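Summary of structural features
This is what each chain is made of:
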Amino acid sequence: MAVLEYSFEGFRVKVAERELWCGDALLPVNRYVFDCIAYLIEHRDRAVGRDELVAAVWGRVEITDGHLNQIIARARRALDDNAQAQRLLRTVPGFGYRWVSKVDARETKGAEETAVTPPEIATPAPMPASAAADADAPAEPSPVARVDSPAVRSRRHGWYAVIVALVVLAGGWAILSRLGRVVPASVPAEDVLVADKAVIVLPFLVDAPSESVWLELGAMDLVAERLRAAGLRVSPSRTVVTALHGAHSIKPADYAQIRDVLGGDLIIQGKATRSDETWRIELAAVNASGAEHRIETSGSDAIKAARAAADLLLAATLREPPHDGNTPGADAIRQRLQQAQAASLSNQLELARNILLGIPDTPEFLPEVRLRLAELDFRAGQYDRATDAIGTLLTDPAIAPDDVHRGRALVLRGNLNFRRSDFASAIKDFDAAVAALDATTAPLDLCDALTRRGLTRVALNDSEGALSDYGRAYLLAEQSGDRLRVAHIEAGFGQLQIARHRLELALPHLNAAIDRYEAFGVVERVVTLRSVLIDLYADLLRWSDVLPLSERQWQSRERIGDPGLSLVVFNRQARVLMGVGRYREAAEVVAEAQRRFHDLRPGSVRYLHDMQAELAARTGQPEKTVAAVDAALETWPRDPSFDRYAYLVLLRQRALMAQGRATQEEIEHWLPPDGDGVSTVFLLAKAEWAASQAAGVDSVQAAFDRALARAEDVGLPVLVSLVAQSYVDWLLAQDRRDKAAELAGRVAVWANDDYESALVRVKVFHVLGSRDAWRQSLEKARQLAGERVIPARLAEPPAAR
């Protein structure tokens, strides 16, 4: 059998053997990297879209951008390419990738034709069991059961048992059921409805006059709460509404996607129809295999009929419906509460508030009404009014210490204190909330209390306590089937690891949170976390990873409603482009940001001045640098531990020194006293200032050593490299070559991706006269330079030593 072998720039891709060679060396690459390279080479006559490449490499389309970006970055590294040079594998912005290097293809004869893998990459062979441990590969999906498989037969048996139980327990209610075929019942009904995955209750379809439209969400929430109160795992209504992006009319064709997002198995959709004075409520329950049954109830009150329908589902699982109490007028109050909840779920906060204020005071419902009013005030930003309402609720002697309303009220008061940065008071509230909710059967409320306490512990530098809280909260959210809460906790884990300077540990949490938020369509949270991830990759000097992520973020800029958040996207895009030497593109981004955002409030517009300052500094405009930094610092939080604040001060200092306008008073005004929490960048600024003032050699070296020690203690590559750049320049000026060579060795690990680190090595090897090492490092620096100009003296061959 004839097969192809591709050759290019010293590399060979042997398709049949699935091997990548560099010269005589066989390179270890995983199956996804190999398939990616082979497919792009095979289709080198055109650009390949991201979706097409994903389908070709993985054999399915539900792979996240993060996974594809990682494989592209690994493919480039294997081929000694990178996202700046794009010598072989070029990014086509907004579309995908293209192979751009010349390739020689030749036919060879396979020695054992039966063992040869055909070159069609679009349908890769199934992964063997031994490959399951591949750390770069997402888990393979479970095979879909066929209609006649035991799994499907088992589910059908369970549905038959549901119908039998409904007929026995429902009494005079009319019950309609449809099955693909009838088989003997062998699985209890509760095995169907109490599944490993959550039950999903969708908005009701309402066929009635417009004043009853509130039933879409109100009846949905009633059914969901009723099932949850009886012990079923039901996705919270707010999570479902978020996942549906505001759509209330859902078709069965959408069910598979809804299950993928929410992680449920059984989907329940209701319909409320009014005819004359009678309401007819239908609940259609469909499981993942497509088996369906329907329940129909009727009555003069829609809420009563919906509650009865939910209770029939509970009866089918042999579960007792929750007790409703005997308060006179309770049904009317429950209807008003559901109307208020429907308004709240659709973000009509004032309408929800007015409905709640119209409910008469009764001992049974007063705590619930007060708590909901306080929650609405909190969401509306009426913090003082919410605080007063919570204070009244918590001093009510009728509320028991272990009442769920007390626990929820404490969580809300803790949130209020957290918003005011009163972390000491917030932690007390969350401690009390956890203690109260631990004694209840309200797992999602306990989950919220633990999550908020974890966030507060991060603010109080209690990392171990935060880890413990997030761990418990994660399990509760998973067990409750609430994937949106899981996303919140993943984000919290990521932020915690960043606070602990364990950036590599933060990556999987942040990526998981972003994937979940994207599935829910929560654009603002996706943008916020992507910005955090961009900063994280930049701090790690992993430009080949940060570029595609930033480009993806940039493509979403028009979908962001908040102009302040949109400016942050512009800021990160400009900073990334500057970080890889694409100054003209960065200038275009900055100019567009100036046109769009110049009139934002000062707290937001500082991000515009921030990127203006860095662009001016990088392009040699000291006067503009000082002006932009001064504008940014007018509203920048002056926290001496904040690296970005310190970096702006450093840019200002360097610009003043370049202009000859730096004075002792001017410089020292911005430099904080030394201390454990002071940013590495401030220590570097002090060392550079001491060096410029011709201070004693020993004192200058000690200042640089302090900055370097702090950078390495923090563990951020960007800080180590930043200090090394200035320190090496000073050491070479002092002819301290050994120490400079030592620093060049420290930054070597980042020199393949980061221009500044590569340039440090060029400088040192040039002074040392190491021609081979200088030549190699110079070539790498040129590949990474972009529009940055390497000093002419460094491009001249060094004198031999």
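Structure's up top.
Residues numbered from 1 in each chain as written. Predicted model: local features only at pLDDT ≥ 70, side-chain atom pairs only at ≥ 80, totals over all residues. Heavy atoms only, no water.

Moving on: the overall build of the chain. Helices and strands together make up the secondary structure of the chain, namely 34 helices and 13 strands. Burial status across the chain gives 51% buried among its 801 residues. A sequence separation of at least 24 residues applies to 61% of the contacts in the chain between residues at least 6 apart. Entry remark: accessible area of the chain is about 36,100 Å², with carbon and sulfur atoms responsible for 51%. (Helix = DSSP H or I, 4+ residues; strand = E, 2+ residues; numbered from the N terminus. Buried < 20%, exposed > 50% of the residue type's maximum accessible area, 1.4 Å probe, protein only. Contact = heavy atoms within 4.5 Å. Areas by Shrake-Rupley, 256 points an atom, 1.4 Å probe, with all protein chains shown as cover.)

A word on the environment of Val700. Assignment of secondary structure puts Val700 in helix 29 (residues 697-714). Residue classification places Val700 among the buried residues on the basis of a relative accessible area of 1%. Counting along the chain gives 12 residues from Val700 to Glu688, while the straight-line C-alpha distance between them is 8.1 Å. Setting aside chain neighbours within four positions, we find Val700 in contact with Ala687, Ala690, Ala691, Ala695 and Trp730.

Take unusual backbone geometry next. Even without being a glycine, Arg18 presents a positive backbone phi close to 55 degrees. Structurally, the position occupied by Arg18 is in the loop between strand 2 (11-14) and strand 3 (19-22). Here Arg18 falls in the partly exposed class, since its relative accessible area comes to 31%. Although it is not a glycine, Asp80 adopts a positive phi angle of roughly 55 degrees. The exposure class assigned to Asp80 is partly exposed, which follows from its relative accessible area of 43%.

Note on placement: Thr625 falls in helix 25 (residues 622-633). For Thr625, the side chain forms a polar contact with the main-chain oxygen of Gln621, separated by 2.8 Å. Here Thr625 is in contact with Ala613, Ala616, Ala617, Leu651 and Ala655, once residues within four sequence places are set aside. (Polar contact = N/O pair within 3.5 Å; in protein donor to acceptor, adjacent residues only side chain to side chain.)

The next thing to look at is the pairing of strand 2. Note: strand 2 against strand 3, four bridges, orientation antiparallel. Note on strand 3: the bridge partner recorded for Arg12 is Trp21. Taking the residues between adjacent antiparallel strands as the criterion, strand 2 and strand 3 are bridged by four residues, where Arg18 takes a positive phi near 55 degrees. (Pairing = 2+ DSSP bridges.)

Overall, the coordinates contain 13 aromatic pairs when judged by the stated rule. Ring geometry for Phe8 against Trp99: centres 4.9 Å apart, planes inclined by 75 degrees, an arrangement best described as edge-to-face. On the criterion of sequence distance, the pair formed by Phe8 in strand 1 (residues 2-8) and Trp99 in strand 7 (residues 96-99) is long-range, its members being 91 residues apart. Here Phe8 falls in the buried class, since its relative accessible area comes to 3%. (Phe/Tyr/Trp six-rings, centres within 6.5 Å; stacked < 30°, edge-to-face > 60°.)

With 18 residues, helix 19 (residues 503-520) should cover 26 Å at 1.5 Å per step; its first-to-last C-alpha distance of 26 Å lies within 8% of that length. All of the buried residues in helix 19 are Leu503, Ala506, Leu507, Leu510, Asn511, Ala513, Ile514, Tyr517 and Phe520. Within two residues after helix 19, Gly521 carries a phi angle of roughly 75 degrees, on the positive side. (Expected span 1.5 Å × (residues − 1).)

Ranked by size, the top nonpolar core spans 93 residues in total, and within it Leu202, Ile258, Leu262, Tyr517 and Leu633 carry the most contacts. Leu262 has contacts with Ile200, Ser235, Thr239, Val240, Ala243, Gly481, Arg483 and Phe520, leaving out every residue within four places of it along the chain. By size, the runner-up hydrophobic cluster in this structure holds 35 residues, among which are Val201, Val223, Ile268 and Leu314. (Core = buried A, V, L, I, M, F, W, Y, C linked by side-chain atoms within 4.5 Å.)

Within the fold, Leu656 resides in helix 26 (residues 643-659). Looking at Leu656, the relative accessible area reads 2%, which means it is buried. For Leu656 and Val626, which are 30 residues apart along the polypeptide, the C-alpha to C-alpha distance reads 7.3 Å. Apart from residues lying up to four places away in sequence, Leu656 is in contact with Val626, Arg661, Ala662, Glu666 and Ile667.

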